[in-house]
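Structural overview
Here is how the chains run, residue by residue.
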Amino acid sequence: MRTVLGLAAALALGGAAAAQVPVKPDIPSILVWSPQQQADWYRSIESVYKVETVARGDKVRPLPRAARQIAPTWTHAGRSWTVRDYMDAHRVSGVLVLKDGEILLEEYGLGRGPDDRWTSFSVAKSVTSTLAGAAIREGKIASLASPVTDYIPELKGSGYDGVTVRQLLMMSSGVKWNEDYTDPNSDVARSVSLPIEPGKNPLVTYMARLPRAHEPGTLFNYNTGETDLVGILVSRAVGKSLAAYASEKIWRPYGMERDAIWMVDPAGHERGGCCMSITLRDYGRIGQFMLDGGMADGTPVLPDGWTTEATTPQIVKGAPPPGYGYFWWMRPQGGYEARGIFGQGILIVPGEKLVVVVNSAWPTAVGQDLGAARLALYEAIRAAAK
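Here goes a summary of the coordinates provided.

Definitions and limits used
Residues numbered from 1 in each chain as written. Predicted model: local features only at pLDDT ≥ 70, side-chain atom pairs only at ≥ 80, totals over all residues. Heavy atoms only, no water. Disulfide = S-S within 2.5 Å. Buried < 20%, exposed > 50% of the residue type's maximum accessible area, 1.4 Å probe, protein only. Helix = DSSP H or I, 4+ residues; strand = E, 2+ residues; numbered from the N terminus. Expected span 1.5 Å × (residues − 1). Pairing = 2+ DSSP bridges. Contact = heavy atoms within 4.5 Å. Axes fitted to C-alpha atoms, helices over the stretch in contact; angles between N-to-C directions. Salt bridge = Lys/Arg side-chain N within 4 Å of Asp/Glu carboxyl O. Parallel < 35°, antiparallel > 145°, perpendicular 65-115°, else oblique. Nonpolar A, V, L, I, M, F, W, Y, C, P; charged D, E, K, R; others polar. Polar contact = N/O pair within 3.5 Å; in protein donor to acceptor, adjacent residues only side chain to side chain. Phe/Tyr/Trp six-rings, centres within 6.5 Å; stacked < 30°, edge-to-face > 60°. Lys NZ or Arg CZ within 6 Å of the ring centre and 35° of its normal.

The bond known as a disulfide is covalent and runs between the sulfur atoms of two cysteines. Under the definition given, this model contains 1 disulfide. Between the sulfur atoms of cysteine 274 and its disulfide partner cysteine 275 the distance amounts to 1.8 Å. What sets the handedness of the cysteine 274 and cysteine 275 disulfide is the S-S torsion sign, and at about 40° it is right-handed. Residue classification places cysteine 275 among the buried positions, given a relative accessible area of 1%.

This is the structure:
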């Protein structure tokens, strides 16, 4: 049986697939791409779907290679493993390990190289929540306690009355939402199939119709629609696109090495809950930015204490143990993670000053064996890095 965490990842799947805009006809659903299509298109998603660009700046933050490189070995599922064994067996395009901001290990596969981006799926959620923090730091969003309806007034009179920004970031709005991808009448299926009306965002229109099921802030309920809703909220609050804001607040000041790209929905808005494409080292820089407390070139981008608050349990009931942060997954083994289907992840362990990035093209979106094998990799890397 799937774990709650595995189920949550699976639920993210349909939202990742249904709200993209193909750039040419006859593109199969991203859920059923062949292994070759995954290897080709995950690293060139702009050739498949419409995107916006997150522009880098003039300076690149260095990631020096550490004097000591690591070559972990471990035992799992009755056999011995190396990082290359793991990559070959699990269709991994990149593994990067940073400690104290230096590269301990960097490996590529599936024909990918250092300049190639790779799609993130739900790893983008963690970037969106970080941009919400930047907007609070700027005063564009008054506070985490601000009502969602202050920024998306079309939600007034709906189940979102009285729901706060913080409750959205915790996936605990209390609004009724069915994310069953086997049900064509589920909310996640219906919310991405509405017609585009001039001057209206179809997702907001759909979400405004939903009733309340629980008291806000009391129960975690994985909700792809609300992660896209946060993206819309941030964009409206700051008066610019998510791509432009990510460039302004993270990509340019922190010194990302290459432009990122962000897939857009049928209304032309970047998906707050999905689908940025980023190089392996720039995924590592996202992790290092969090380890650095949200500082870029000595200047705070996020509110004081944000990186700690966002990445510690904010809600427990209904969430996988030990709880859920602001679009960040907590890990029972320590640290926190941005996680996406088909094997995407940024693991951050502050006490060890460690960042581990893994990008993959798993044969299935999630899987208990796949998750266990990646956990074994993480623990071997942590042991080798100490």
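Here helix H4 (residues 123-138) spans 24 Å end to end across 16 residues, near enough to the 22 Å set by a 1.5 Å rise per residue. Most of H4 sits inside the fold, with 14 of its 16 residues counted as buried. Following H4 by one or two positions, glycine 139 adopts a phi angle in the positive range, close to 85°.

Another aspect to go through is the sheet that holds strand S4 (residues 92-99). Read across the sheet, 6 strands follow the order S5-S4-S14-S13-S12-S11 without closing on themselves; strand pairing throughout is antiparallel. Only two strands of the sheet have a single neighbouring strand rather than two, namely strand S5 (102-108) and strand S11 (329-330). Pairing analysis gives 2 bridges linking S11 to strand S12 (residues 336-340), with the strands arranged antiparallel. Bridge assignment links tryptophan 329 to a residue of S12, and that residue is glutamate 337. Sitting on the sheet, helix H10 (residues 280-291) is in contact with S4, S5, S12, strand S13 (344-349) and strand S14 (354-360), with an inclination near 145° to S14.

Counted under the stated rule, the structure contains 20 salt bridges. With its nearest N and O atoms 2.6 Å apart, the salt bridge here joins glutamate 248 to lysine 240. Lysine 240 gets classed as partly exposed once you look at its relative accessible area, which sits at 31%. One salt bridge in this structure joins glutamate 337 and arginine 339, with 2.7 Å as the shortest N-O distance. Judged on exposure class, the residue glutamate 337 and its partner arginine 339 are both buried.

A few words now on the sheet that holds strand S1 (residues 51-54). Strands sit in the order S1-S7-S8-S6 across an open sheet of 4 strands; the sheet is antiparallel. Single-partner strands in this sheet number two, and they are S1 and strand S6 (117-119). Taking the axes of each pair of neighbouring strands and ignoring which way they run, one obtains an average angle of 25° across the sheet. Direction of pairing for S1 relative to strand S7 (residues 260-263): antiparallel, over a ladder of 4 bridges. From the neighbouring strand, threonine 53 faces S7, where its bridge partner is isoleucine 261. Where helix H9 (residues 242-254) meets the sheet, it contacts S1, S7 and strand S8 (276-279), and its direction lies at approximately 20° from that of S1. On top of the sheet, H10 reaches S6 and S8; it is set at about 100° to S8, its chief contact.

With that out of the way, let us pick up the packing of H9 against H10. For the pair H9 and H10, interaxial distance at closest approach is 11 Å and the crossing angle is 105°. Between H9 and H10, the crossing angle belongs to the class labelled roughly perpendicular. Here H9 contributes Ile250, Trp251 and Tyr254 to the contact with H10, which in turn contributes Asp282, Arg285, Ile286, Gln288 and Phe289. Residues of the contact of H9 with H10, tallied by class, amount to 5 nonpolar, 1 polar and 2 charged.

So, about the side chain of serine 173. Its location among the elements puts serine 173 in the loop between helix H5 (165-169) and helix H6 (187-190). Serine 173 gets classed as buried once you look at its relative accessible area, which sits at 2%. Of the polar contacts made by the side chain of serine 173, one reaches the backbone nitrogen of valine 175; its length is 3.1 Å. Excluding residues within four positions of it along the chain, serine 173 makes contact with Tyr160, Val163, Gln167, Leu168, His214, Pro216 and Glu226.

This paragraph deals with the side chain of glutamine 38. By the element assignment, glutamine 38 lies in helix H2 (residues 35-41). Residue classification places glutamine 38 among the buried residues on the basis of a relative accessible area of 4%. With near-sequence residues (within four places) excluded, glutamine 38 lies in contact with Trp33, Arg91, Trp118, Phe342, Ala361 and Trp362.

Let us now look at the packing of aromatic side chains. By the definition in use, this model includes 15 aromatic pairs. Relative to tyrosine 49, the ring of tryptophan 33 lies with its centre 6.2 Å away and its plane at 15°, an arrangement referred to as stacked. With tryptophan 33 in the loop between helix H1 (4-18) and H2 and tyrosine 49 in the loop between H2 and S1, this pair connects stretches of sequence that are 16 residues apart. Among the aromatic residues, those joined into a cluster by ring pairs are Trp33, Trp41, Tyr42, Tyr49, Trp118, Phe121 and Phe342. Lying across the ring of tryptophan 81, arginine 79 places its NZ or CZ 3.8 Å from the centre.

Taking 1.5 Å per residue, 12 residues should reach 16 Å; H10 reaches 17 Å between its end C-alpha atoms and fits that length. Extensive coverage of H10 is indicated by the burial of 10 of its 12 residues. Residues of H10 that are buried include every one of Leu280, Asp282, Tyr283, Gly284, Arg285, Ile286, Gly287, Gln288, Phe289 and Met290, and no others.

The next subject is unusual backbone geometry. Going from proline 321 to proline 322, the amide bond is cis rather than trans, its omega being 5°. For proline 322, the location among the structural elements is in the loop between helix H11 (306-310) and S11. One non-glycine residue, leucine 110, lies in positive phi territory at about 60°. Structurally, leucine 110 can be placed in the loop between S5 and S6. Under the relative-accessibility criterion, leucine 110 is labelled partly exposed at 26%. Even without a glycine there, the phi angle at lysine 353 is positive, about 50°. Note on placement: lysine 353 falls in the loop between S13 and S14.

Take it as geometry only, folks, not as evidence of what the structure does.
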